[in-house]
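# Observations on chain architecture
What follows is each chain in one-letter form.
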Amino acid sequence: PQLRRSFEEKGAIFQTTSDTEVIAHLMAHCRSDDVVRAAAEALAQVHGGVAVLMLTPEMLLAARDPNGIRPLCLGRLGDGWVLASETCAFDTIGAEFIREIAPGELLEITDRGLTSHAFHPAGREALCIFEFIYFARPDSHFLGMNVHSVRKRLGRFLAEDYPAEADIVVGVPDSSIS
């Protein structure tokens, strides 16, 4: 909100309420005409969870916030590269999971291949816990761990720490069913 307000006070006009539009304004005000440098400079000013893709006629850029709060994964499908927030998306289309985009990484994908840039030093890795608890599908993987397996372990710890007599257990929300 603070970056957006700052731009609005200087006369910037926003078409949406999307944080992505703030990144576009930051890039437009960068000192470089190079898209990769502008993206790196803009992203270095953004705080909080970010997983973003940017497409130009020459390249695809993928970036993840310095703490890795939001997930972003790289995969391979034939001769092409694919990106998704969850590994299960690769299974759905028959792509091979390659790796997670590193916290603070800006990945440049062109017809020449991949180039990794660090737009910010990686911070303390802090994947949003709700990826494991609520958001992600159970067949996804984060930090090298299967979401379903993590949920089972969390359930076991919860039952050990807070035992309860119950006749029925109901999964709410639906993501807890696994």
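Scroll up to find the structure.
## With respect to a nonpolar patch on the surface
A grouping of Ile129, Phe130, Ile133, Tyr134, Phe135, Leu154 and Phe157 is seen on the molecular surface, where their side chains present a nonpolar patch of about 660 Å² in accessible area. When contributions to the nonpolar patch are tallied by element, the ones reaching two or more residues are helix H5 (129-135) and helix H6 (147-161). Considering every element that reaches the nonpolar patch, the biggest residue donor is H5, with five residues. Of note, phenylalanine 135 is situated in helix H5.

## Notes on the nonpolar core
Membership of the largest hydrophobic core comes to 22 residues, with the highest contact counts inside it found for Ile23, Met27, Leu43, Met54, Leu61 and Leu106. Secondary structure elements with two or more residues in this core: helix H2 (19-28), helix H3 (35-43), strand E1 (51-55) and strand E2 (60-64). Element by element, the count of residues in this core is highest for H3, at six residues. Not counting residues up to four positions away in its chain, the partners in contact with isoleucine 23 are Ala42, Leu43, Val46, Val50 and Met54. By size, the runner-up hydrophobic cluster in this structure holds seven residues, among which are Ala62, Leu83, Ile101 and Leu107.

## Focus on the sheet that holds strand E4 (residues 80-84)
Pairing within the open sheet is antiparallel, and its three strands lie in the order E4-E3-E5. Strands at the two margins of the open sheet, each flanked by one partner only, are E4 and strand E5 (96-100). The average angle at which neighbouring strand axes cross in this sheet is 30 degrees, direction not considered. Examined bridge by bridge, strand E3 (residues 73-77) and E5 share four bridges and lie antiparallel to one another. Looking across to E5, one finds that arginine 76 is bridged to glutamate 96.

## Focus: the packing of aromatic side chains
Aromatic ring pairs are defined here through the distance separating the ring centres and the angle between the ring planes. Under the defined criterion, the tally for this structure stands at four aromatic pairs. Here a set of aromatic residues connected by ring pairs shows up, and it is made of Phe130, Tyr134 and Phe135. Against the face of phenylalanine 14 rests arginine 4, its NZ or CZ located 4.1 Å from the ring centre.

## Concerning the pairing of E3
Side-chain positions along a regular strand alternate between the two faces of the sheet. One ladder, built from five bridges, connects E3 with E4; its direction is antiparallel. Among the inter-strand pairings, glycine 75 is bridged to a residue of E4, identified as valine 82. Where E3 hands over to E4, the hairpin turn is made up of two residues, of which glycine 78 adopts a positive phi near 60 degrees.

## Quick notes on the side chain of serine 140
Its place among the elements puts serine 140 in the loop between H5 and strand E8 (141-142). According to the relative accessible area criterion, serine 140 is buried, its value standing at 0%. In terms of polar contacts, serine 140 uses its side chain to reach the side chain of glutamate 86, at 2.6 Å. Excluding its chain neighbours within four sequence positions, the residues that come into contact with serine 140 are Glu86, Thr87, Cys88, Met145, Asn146 and Val147.

Definitions and limits used
- Residues numbered from 1 in each chain as written.
- Predicted model: local features only at pLDDT ≥ 70, side-chain atom pairs only at ≥ 80, totals over all residues.
- Heavy atoms only, no water.
- Patch = residues over 30% accessible without salt bridge, like charges linked within 9 Å, V, L, I, M, F, W, Y side chains within 5 Å.
- Areas by Shrake-Rupley, 256 points an atom, 1.4 Å probe, with all protein chains shown as cover.
- Salt bridge = Lys/Arg side-chain N within 4 Å of Asp/Glu carboxyl O.
- Helix = DSSP H or I, 4+ residues; strand = E, 2+ residues; numbered from the N terminus.
- Core = buried A, V, L, I, M, F, W, Y, C linked by side-chain atoms within 4.5 Å.
- Buried < 20%, exposed > 50% of the residue type's maximum accessible area, 1.4 Å probe, protein only.
- Contact = heavy atoms within 4.5 Å.
- Pairing = 2+ DSSP bridges.
- Axes fitted to C-alpha atoms, helices over the stretch in contact; angles between N-to-C directions.
- Phe/Tyr/Trp six-rings, centres within 6.5 Å; stacked < 30°, edge-to-face > 60°.
- Lys NZ or Arg CZ within 6 Å of the ring centre and 35° of its normal.
- Polar contact = N/O pair within 3.5 Å; in protein donor to acceptor, adjacent residues only side chain to side chain.

By themselves, these are just geometric observations and shouldn't be taken as functional.
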